[in-house]
Amino acid sequence: MRLRRVFTPAVSRLGIKLFVIILVVNVAISGLVFIAVSRSLDQGFIEYLDRTQTRRAETLAKGLADEWAWRGDWQWLRQSPRTWHHLVRRQLWPGDAPPPEGIERRLGDPKDFVLHDADGLPVIGLPPDNDLEAAELRWLPIVSAGARVGTLGYRPPQQLMARMDRIFLSQQRRNLAIIVAALGLASLLLAGGLSWWLGRRTRGMTLATRRLTEGDYSTRLAERGRDELSSLARDFNVLAATLEASREARSRWVSDIAHELRTPLAVLRGEIEAMQDGIRPLDLDNLGSLAQEVDQLERLVADLRLLSQSDAGALEVQLAPLDLAASLAARLDEAAAWLADSRLTLDSDIEGPAWIRGDTQRLRQLWTNLLDNTCAYTSPPGRLRVRLAATGEGWQVSWEDSAPGVPEAELPRLTERLYRVEGSRSRASGGSGLGLSIAMALARAHGAEMVANPSSLGGLCWTLTFPAIAEHQLREDDA
């Protein structure tokens with residue numbers, strides 16, 4: 001079969017989609033994390049700054065009250081503004097240790113505090129252009145000996161943060177840019193590698209699938225790893241092998257059917273031409289020979305029809321409660337003369353009753369096909385041993401005959417259609433090769449398993465296991 005060349009793009013669409021998804025998800029996650037962390041830090045940090053600034057203002061107010069009690073006025077601060085810086089530093093960070101760095105030191109900046117006297121006049125105030133900030137100051141009274149001697153104002157943390165926002169936001173934007181760039185690079189590498197790996201495997205699967213749909217059943221995929229793609233590759237290979245075997249079986253099936261039909265047709269044509277040429281007389285004996293060939297053709301066509309119905313799930317089977325032991329024993333009794341003519345000795349051990357759901361006529365056909373196979377292939381004098389016994393939740397029929405046997409390698413193929421172990425066997429001895437295939441189809445129609453094994457008698461042993469009917473089911477069917 002000539003295959004059409006299939007164009008496969010170098011870049012996998014699935015790989016591109018995977019690349020975009022990974023990149024977008026990573027960027028979105030980083031943005032959401034940044035927003036959540038920023039809000040949490042802003043709220044918690046503002047509260048911390050508020051408590052810290054209030055505590056330090058209270059400390060400074062107490063220190064200023066002590067200074068008032070010692071000096072008696074604020075004139076010394078008006079005359080020496082630099083003294084204000086030393087006073088704030090000494091009150092907030094007593095001792096010889098230098099003030100801490102960072103935000104802690106920024107909260108103790110003397111410029112963030114304002115001092116007014118008892119009359120409300122500024123002693124230490126903000127620059128003249130900061131009226132808006134002065135309106136937002138918080139105030140604490142300075143009390144000495146029970147009298148109010150002044151007021152201390154301090155900036156709220158919001159003002160402090162407003163002045164530090166530019167620095168903070170620029171730092172955060174830079175950090176976020178670094179994070180996003182690193183994440184983008186990592187996403188590019190990850191998504192690129194993953195999309196290349198996945199795209200390569202999916203492209204191979206796509207190409208193999210297209211070849212399979214075009215009839216190239218020899219296509220196989222490499223099975224690497226234990227992931228879902230490897231499992232899909234294994235399932236694909238099983239499907240391809242099954243389709244290949246099915247095509248070979250169908251080709252062989254058609255060829256074998258043509259061969260089986262050609263033989264009786266050739267005999268019919270030869271005998272009819274002999275009668276037309278006057279070589280053979282047109283009498284009852286010759287007409288009987290023609291009738292035998294026609295009967296054989298009818299049996300072959302009937303067998304083929306039954307197998308086609310079984311394949312389509314349309315095999316006519318009327319299941320009803322019946323005694324498997326009675327059905328088997330009756331057919332063996334009827335076949336006594338047949339077995340005697342074939343010089344076969346019957347040894348049966350059938351327990352009963354054995355209730356199953358079955359079709360009387362189809363079971364009779366099943367036993368007939370097994371008898372036909374035994375009589376055709378067992379060398380006389382021979383033996384046939386049939387056993388029926390309960391096993392587990394069902395009934396097991398053991399059908400054994402004597403030599404010749406079948407090689408174990410050939411056992412799984414015995415139920416293949418038109419298959420014969422020995423190709424030299426004639427149709428007279430071996431039949432059409434459909435008997436065991438029909439027997440298998442009839443067994444499956446009854447829900448039974450049919451397995452071939454070597455027999456202890458030297459021949460072949462067929463084991464059929466039928467599901468049994470429970471007593472309550474049997475009573476319900478009777479009702």
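Here the residue numbers are simple positions, counted from 1 along each chain's written sequence. In keeping with the model being predicted, local features are shown solely for residues with a pLDDT of at least 70 and side-chain atom pairs are shown and tallied solely at 80 or more, while totals for entire chains, interfaces and linings include all residues. Based on all heavy atoms of the structure, the side-chain values leave hydrogens and waters out of the count.

## Structural notes on the sheet that holds strand E1 (residues 113-117)
The following threshold applies: One requirement defines pairing of two strands: DSSP has to find at least two bridges between them. To qualify as a helix, a DSSP run of H or I must reach at least 4 residues; to qualify as a strand, a run of E must reach at least 2; elements of each kind are numbered from the N terminus. Between N-to-C directions, angles cover 0 to 180 degrees, with each direction set by a line fitted to C-alpha atoms, over the stretch in contact for helices. We call two residues contacting when some pair of their heavy atoms lies within 4.5 Å.
As summarised here, the arrangement of the 4 strands in space is E2-E1-E4-E3, forming an open sheet in which the pairing is antiparallel. Here the strands that pair on one side only, and so sit at the sheet edges, are strand E2 (122-124) and strand E3 (138-144). Strand-to-strand, the axes of this sheet are offset by a mean angle of 30 degrees, without reference to chain direction. In the sheet, E1 pairs with E2 via 2 bridges, with the strands oriented antiparallel. Looking across to E2, one finds that His116 is bridged to Pro122. Across the sheet, helix H3 (residues 81-92) lies against E1, E2 and strand E4 (147-154), angled at about 110 degrees from E1, the strand it touches most.

## Observations concerning helix H9 (residues 324-334)
What counts is decided by this rule: Partly exposed describes any residue whose relative accessible area lies between the buried limit of under 20% and the exposed limit of over 50%, with all areas from a 1.4 Å probe on protein chains only and scaled to the type maximum. What the arc describes is the spread of directions from the helix axis to the C-beta atoms. In protein, a polar contact requires one atom able to donate a hydrogen and another able to accept it; more generally it is a pair of N or O atoms within 3.5 Å, and residues adjacent in sequence count only if both atoms are side-chain atoms.
Within H9, the full set of buried residues consists of Leu324, Ala325, Ser327, Leu328, Arg331 and Leu332. When H9 is viewed along its axis, its buried side chains cluster within an angular range of 165 degrees and face the same direction. Sitting at the amino-terminal end of H9 is Asp323, which places a side-chain oxygen 3.1 Å from the backbone nitrogen of Ala325.

## Observations concerning helix H11 (residues 360-377)
Basically, it comes down to this: Helix span, expected: 1.5 Å multiplied by one less than the number of residues in the helix.
Compared with an ideal rise of 1.5 Å per residue, which puts 18 residues at 26 Å, H11 spans 26 Å between its outermost C-alpha atoms and is within 8% of the ideal. Where H11 is concerned, the buried positions are Arg362, Leu363, Leu366, Trp367, Asn369, Leu370, Leu371, Asn373, Thr374, Cys375 and Tyr377.

## So, the sheet that holds strand E6 (residues 344-350)
Pairing within the open sheet is mixed, and its 5 strands lie in the order E6-E8-E9-E11-E10. For this open sheet the edge positions go to E6 and strand E10 (449-454), each flanked by a neighbour on one side alone. Sheet twist, expressed as the mean angle between neighbouring strand axes with direction ignored, is 15 degrees. Where E6 meets strand E8 (residues 382-391), 7 bridges bridge the pair, whose relative direction is parallel. Looking at the pairing, Thr345 lines up with Arg383 of E8. Strands E6, E8, strand E9 (394-402) and strand E11 (458-467) of the sheet are contacted by H9, whose axis makes an angle of about 165 degrees with E6.

## Observations concerning the pattern of salt bridges
As a reminder of what qualifies: When a carboxyl oxygen of Asp or Glu lies within 4 Å of a side-chain nitrogen of Lys or Arg, that pair is called a salt bridge.
One pass over the full model with this rule turns up 8 salt bridges. One salt bridge connects Glu273 with Arg269, and the closest N-O pair in it is separated by 3.7 Å. Taken together, the residues Glu273 and Arg269, both in helix H7 (residues 228-276) and 4 residues apart, mark about one turn of the helix. Judged by relative accessible area, Glu273 falls into the partly exposed class, the value being 37%. The salt bridge partner of Glu334 is Arg364, with a shortest N-O separation of 2.3 Å. On the criterion of sequence distance, the pair formed by Glu334 in helix H9 and Arg364 in helix H11 is long-range, its members being 30 residues apart. Using a relative accessible area of 46% as the deciding quantity, one classes Glu334 as partly exposed. With a relative accessible area of 36%, Arg364 lands in the partly exposed category. In this structure, a network of salt bridges that share partners links the residues Arg331, Glu334 and Arg364.

## Section: a nonpolar patch on the surface
Applied cut-off: Every patch collects residues that have over 30% relative accessible area and no salt bridge, joining them within 9 Å if they carry like charges and within 5 Å if they are nonpolar side chains (Val, Leu, Ile, Met, Phe, Trp, Tyr). All accessibility values rest on the Shrake-Rupley procedure with a 1.4 Å probe; residue burial counts only the protein chains present in the view.
The grouping of Ile21, Val25, Ile29 and Val33 at the surface amounts to a nonpolar patch, some 340 Å² of accessible area in total. Within the secondary structure layout, Ile21 lies in helix H1 (residues 13-71).

## A look at the pairing of strand E7 (residues 355-358)
The two faces of E7 differ: Ile356 and Gly358 on one face are buried, but Trp355 and Arg357 on the other face are not. Sheet topology note: the strand E5 (residues 320-323)/E7 ladder contains 4 bridges and is antiparallel. Within the sheet, the bridge partner assigned to Ala320 lies in E7 and is Gly358.

## Let's talk about the nonpolar core
Definition in use: For the purposes of this section, nonpolar cores are sets of buried Ala, Val, Leu, Ile, Met, Phe, Trp, Tyr and Cys residues that join through side-chain atoms within 4.5 Å.
If you look at the biggest cluster of nonpolar residues, it comprises 47 residues, and the most contacted ones within it are Leu324, Trp367, Val397, Trp399, Trp462, Leu464 and Phe466. Counting residues per element, the ones that place at least two in this core are helix H8 (284-311), H9, H11, E8, E9, helix H13 (435-445), E10 and E11. The element best represented in this core is H13, accounting for 7 residues. If sequence neighbours within four positions are ignored, Phe466 has contacts with Leu324, Ile356, Leu363, Leu366, Trp367, Gly394, Trp395, Val397, His446 and Ala448. Formed by 22 residues, the second largest nonpolar core is a distinct cluster that contains Trp76, Leu77, Leu92 and Leu152.

## Description of the side chain of Arg331
If you trace the backbone, Arg331 turns up in helix H9. Excluding its chain neighbours within four sequence positions, the residues that come into contact with Arg331 are Trp338, Arg364, Trp367, Thr368 and Leu371.

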